[in-house]
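# Fold and contact review
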Amino acid sequence: KMDANIIKDMPNYFKDLWRQYYAVSGSALVFSTKPKLAEKYMQLALYFDRNEPSSDAESITLNNLGLLYQNEGNHAKAVESFLAALNKNDEGNEEYAKINTLGNISFSYRMIKQYSRAKRYTEQAIELAKKLNLSTNLCRVLSAHASVLIEEENYAEAEKFLRQSISLSHSIGNKAD
């Protein structure tokens, strides 16, 4: 463990290298058999993020930490991490990243059967994807919203969102945003 004074006196490019090392190492281990090591690395990356603020870097690390918790089935802890990432997205005006974060929050709420909350976050993601004119992301969040509606057994409404997603997907072909 590095002492805070050592980090404070470290040149910025070294701080950034260490942050990147821990962030990339932790992210690479998210879906591995070493979740505790992944969490340790991401917590270290957050330590650097918070001592040399970069809302984008911190948001990415918090999202990856949330994915780790999702993968472990700890959706309540995942939501905590994603909500912290969402807050950082707002601070940094990171609207593109915000769509992914909203989708991640929705998925975790869906997994713990809190469907009204899950829908609230997919609805926000849909509006943001429309506002930013991100067709590929819009297809994804329309489908995610339909998944929540299916869980609620609201099949007619789910079909509407799935049809919108499929129609949009066909209209854009393989073209990326």
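Within every chain, residues take consecutive numbers counted from 1 along the sequence as written. Given that this is a predicted model, residues contribute local features only at a pLDDT of at least 70 and side-chain atom pairs are listed and counted only at 80 or more, while totals for whole chains, interfaces and linings are drawn from all residues. To obtain the side-chain values, all non-hydrogen atoms of the structure were included, while hydrogens and water were left out.

### So, the pattern of salt bridges
Take a side-chain nitrogen of Lys or Arg and a carboxyl oxygen of Asp or Glu: if they are within 4 Å of each other, that pair is a salt bridge. The final tally for this structure, using the stated rule, is 7 salt bridges. Glu39 is the partner of Lys77 in a salt bridge, and the nearest nitrogen-oxygen pair spans 3.8 Å. Here Lys77 is found in helix α5 (residues 75-91), whereas its partner Glu39 is found in helix α3 (residues 35-51), with 38 residues between them in sequence. The classification of residues rests on relative accessible area computed with a 1.4 Å probe and restricted to protein chains. Under 20% of the type maximum is buried, over 50% is exposed, and intermediate values are partly exposed. Given a relative accessible area of 15%, Glu39 falls into the buried group. Of the charged contacts in the structure, one is a salt bridge between Lys160 and Glu157, with a shortest N-O distance of 3.4 Å. The numbering of helices and of strands both runs from the N terminus, where a helix is a DSSP run of H or I of at least 4 residues and a strand a run of E of at least 2.

### With respect to the packing of helix α6 (residues 95-111) against helix α8 (residues 135-151)
Between the N-to-C directions of two axes lies an angle of 0 to 180 degrees, each axis being a line fitted to C-alpha atoms and, for a helix, fitted only over the stretch in contact. Contact geometry of α6 with α8 gives a least axis separation of 11 Å together with a crossing angle of 15 degrees. In terms of axis orientation, α6 runs roughly parallel to α8. Seen from above, α6 lies across α8 with left-handed handedness. For the pair α6 and α8, contact is made by Tyr96, Ile99, Asn100, Ser106 and Arg110 and by Asn137, Arg140, Val141, Ser147, Val148 and Glu151, respectively. When grouped by side-chain class, the residues that make up the contact of α6 with α8 number 4 nonpolar, 4 polar and 3 charged. When an angle is under 35 degrees it counts as roughly parallel; over 145 it counts as roughly antiparallel; between 65 and 115 it counts as roughly perpendicular; any other value is oblique. Here is the rule for handedness: rotate from the far helix to the near one, and if that takes an anticlockwise turn smaller than a right angle the crossing is left-handed, while a clockwise turn gives right-handed. Any two residues whose heavy atoms approach within 4.5 Å at even a single point are treated as in contact. Ten residue types, Ala, Val, Leu, Ile, Met, Phe, Trp, Tyr, Cys and Pro, are classed as nonpolar, four, Asp, Glu, Lys and Arg, as charged, and the remainder, Gly among them, as polar.

### Overview of the environment of Leu128
Residue position: Leu128 is located in helix α7 (residues 115-131). Separated by 26 residues in the primary sequence, Leu128 and Leu102 place their C-alpha atoms 9.8 Å from one another. Apart from residues lying up to four places away in sequence, Leu128 is in contact with Glu95, Lys98, Ile99 and Leu102.

### Some points on α6
Take the number of residues in a helix, subtract one, and multiply by 1.5 Å to get its expected span. The end-to-end C-alpha distance of α6 is 25 Å, a good match for the 24 Å that 17 residues give at a rise of 1.5 Å each. Downstream of α6 by a residue or two, Lys113 has a phi angle that is positive, lying close to 60 degrees.

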